[in-house]
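Understanding the architecture of this molecule
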Amino acid sequence: MRVAFVSQLPFSLTFGGLEIQVLETAKALRALDVDVELLDPWAVEFTSDLLHCFGSEYQLREVVARAKGRGIPVVVSAIFLPQAPAWAYLGWRWVDPVIPMQTTFGLRRAVLQLADRIIVHSRVEAQDLVRFFGVRQDRIEVIPNGVRRLEGGSPEIAHRAFGAERFVLCVASVERRKNQRRLVEALRGTGIPLVLIGPVRPDERAYGEAVERAAQRDGRVIWVGEVPAHSPLLASAYQAAHVHVLPSLSEGQPMALLEAAAAGANLVISDLPRLRELFGEYAWYCNPRSVASIRRAVLDAWEAPRGVRYASRPPWLLSWEEVARRLVGVYESVLRDPFSLRAR
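Attention here is on the structure that accompanies the text. Nothing here was measured: the structure is a model prediction, and the numbers come from that model. (Residues numbered from 1 in each chain as written. Predicted model: local features only at pLDDT ≥ 70, side-chain atom pairs only at ≥ 80, totals over all residues. Heavy atoms only, no water.)

Of the regular secondary structure elements, the protein chain holds 14 helices and 12 strands. The principal-axis extent of the C-alpha atoms belonging to the protein chain is close to 65 × 45 × 40 Å. The proportion of buried residues among the 344 residues of the protein chain is 53%. For the protein chain, restricting intrachain contacts to residue pairs at least 6 apart in sequence, the fraction spanning at least 24 positions comes to 72%. Accessible area for the protein chain stands at about 16000 Å²; split by element, carbon and sulfur atoms hold 52% of it. (Helix = DSSP H or I, 4+ residues; strand = E, 2+ residues; numbered from the N terminus. Buried < 20%, exposed > 50% of the residue type's maximum accessible area, 1.4 Å probe, protein only. Contact = heavy atoms within 4.5 Å. Areas by Shrake-Rupley, 256 points an atom, 1.4 Å probe, with all protein chains shown as cover.)

Structural data, given as structure tokens:
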């Protein structure tokens, strides 16, 4: 079996959780003897059996449409994070067909409706796709992300680098959606060291400057900036952190939360339906729009013993091999009986 992967943007222009997902998935599939290629936009022939798109943003519509036009089966990992209230998406679902031009909503709906199978991280995400975009439930498969093994780290490396033996960690690109400014404000005056790891998103530099100003007003904030995905320092930060916090305004299934949990850190996350479904009773929850709520949740997790909620291995900590085996089942099903053939 030969599968071609395509992502929403070139890796050279953006690299984060989605790109790690692509590479880790490819590595695990190759270990199962699946021939995976990263689609070369300069190649003149398509030589794979199937196309797997990571993301369902509007820019992938032409790729998916042309693949389907050539009879190539398509699997789409939706990675859909609502950026507006439900009523806005429901309104667009009914208004978009009568607008005499293409819209980003319509292009995304085309990507999803053309796909032979759609991969989602949670049942909540699946429900959103059915409700907002009219996707058929029988074409959706729920397959969470895996967690990678980070090698070469030790708590002592983090202790020396950050000058603290016990700290709260937040690993994420610095942007409004990730909500670091409220996190900094929430911990001000607690005396708890806060380590921020992640670059400023290029199109949100003003927000990054606001976070930097807030951090400078509190001498307990250590902003490390970007750390390579396979750096021993990143592995060490996860191993040493008492709490990992991600108070995002919207979220899917962040790699940072999985990696922090695998290293034993207590998790504080936003009280969002998707995250509740995925992480259940293993995390502490906060209202991401309330500084007071973030503060309470972090203090509760800080005062609890490290790893206290992981008496048994959480069922959502899957290896990438487990993810790959489930994907192989999806690929084989699509190649036997693609949606496009059933629909004719």
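A regular strand places its side chains so that they alternate between the two faces of the sheet. In terms of burial, strand β3 (residues 50–54) is a largely internal element, five of the five residues being buried. Along β3, one buried face is formed by L50, H52 and F54 and the opposite face, lined by L51 and C53, is buried too. With five bridges joining them, strand β1 (residues 2–7) and β3 adopt parallel strand pairing. Looking across to β3, one finds that V6 is bridged to C53. Sheet topology note: the β3/strand β4 (residues 74–77) ladder contains four bridges and is parallel. Counted as the bridge partner of C53 is V76 from β4. Where the polypeptide runs from β3 across helix α2 (residues 61–69) and back to β4, its parallel neighbour, the crossover connection is right-handed. (Pairing = 2+ DSSP bridges. Right-handed = clockwise from strand over helix to strand, strands pointing away.)

All told, the structure shown has one cavity of 30 Å³ or more when counted by the stated rule. In terms of lining residues, the largest cavity is bounded by 17 residues, among which Q21, S77, I119, H121 and I143 are the most central. Among the secondary structure elements, those contributing two or more residues to the lining of the largest cavity are α1 (17–31), β3, β5 (117–120) and α13 (320–336). The element that contributes the greatest number of residues to the lining of the largest cavity is α13, accounting for three residues. In terms of residue class, the lining of the largest cavity is made up of 10 nonpolar, six polar and one charged. (1 Å grid on protein atoms, 1.4 Å probe; cavity = no way out; pocket = protein on both sides within 12 Å on 5 of 7 lines; lining within 4 Å. Points joined across faces, edges and corners; volume = space filled by probe spheres on them. Nonpolar A, V, L, I, M, F, W, Y, C, P; charged D, E, K, R; others polar.)

This next bit is on the packing of aromatic side chains. Per the stated rule, a full pass over the model turns up 12 aromatic pairs. Judged by centre distance (6.3 Å) and plane angle (75°), the rings of F80 and F132 are edge-to-face. Taken together, the residues span a long stretch of sequence, with F80 in the loop between β4 and α3 (86–95) and F132 in helix α5 (residues 123–133) at a distance of 52 residues. Ring plane angle 70° and centroid distance 4.7 Å describe the contact between F279 and W316, whose orientation is recorded as edge-to-face. Here the residue F279 occupies a position in helix α11 (residues 273–279), and W316 occupies one in the loop between α12 (291–303) and α13, the gap between them amounting to 37 residues. (Phe/Tyr/Trp six-rings, centres within 6.5 Å; stacked < 30°, edge-to-face > 60°.)

Turning to the pattern of salt bridges, a few remarks are in order. Overall, the coordinates contain 20 salt bridges when judged by the stated rule. The salt bridge partner of E62 is R66, with a shortest N-O separation of 3.0 Å. A residue pair is termed a helical-turn pair when its members lie 3 or 4 positions apart in one helix, as E62 and R66 do in helix α2 at four residues. E62 gets classed as partly exposed once you look at its relative accessible area, which sits at 38%. As a salt-bridge pair, R201 and E175 come within 3.5 Å of each other at their nearest N and O atoms. Taken together, the residues R201 in the loop between β8 (194–197) and α8 (205–216) and E175 in the loop between β7 (168–171) and α7 (180–187) connect sequence positions 26 residues apart. (Salt bridge = Lys/Arg side-chain N within 4 Å of Asp/Glu carboxyl O.)

Axis separation between helix α4 (residues 104–114) and α5 bottoms out at 11 Å; the angle between their running directions is 120°. Here α4 lies oblique to α5, going by the angle between them. The handedness of the crossing between α4 and α5 is left-handed. Packed against α4, whose contacting residues are F105, R108, R109, L112 and Q113, the element α5 presents L129, F132 and F133 at the interface. Residue composition of the contact of α4 with α5, by class: five nonpolar, one polar and two charged. (Axes fitted to C-alpha atoms, helices over the stretch in contact; angles between N-to-C directions. Parallel < 35°, antiparallel > 145°, perpendicular 65-115°, else oblique. Left-handed = near helix turned anticlockwise from the far one by under 90°.)

This part covers unusual backbone geometry. The backbone of D33 sits at a positive phi, close to 70°, despite the residue not being glycine. Along the chain, D33 falls in the loop between α1 and β2 (35–38). The class for D33 is exposed, based on a relative accessible area of 69%. Here N179, not a glycine, exhibits a phi torsion of approximately 75°, which is positive. Along the chain, N179 turns up in the loop between β7 and α7.

Moving on, we come to a nonpolar patch on the surface. Taken together, the side chains of F15, L23 and L38 define a hydrophobic patch exposed on the protein surface, amounting to about 260 Å² of accessible area. The class for L23 is partly exposed, based on a relative accessible area of 36%. (Patch = residues over 30% accessible without salt bridge, like charges linked within 9 Å, V, L, I, M, F, W, Y side chains within 5 Å.)

Tracing the sequence through the fold places F105 in helix α4. Setting aside residues up to four positions removed in sequence, F105 forms contacts with Y89, W92, R93, D96, F132 and F133.

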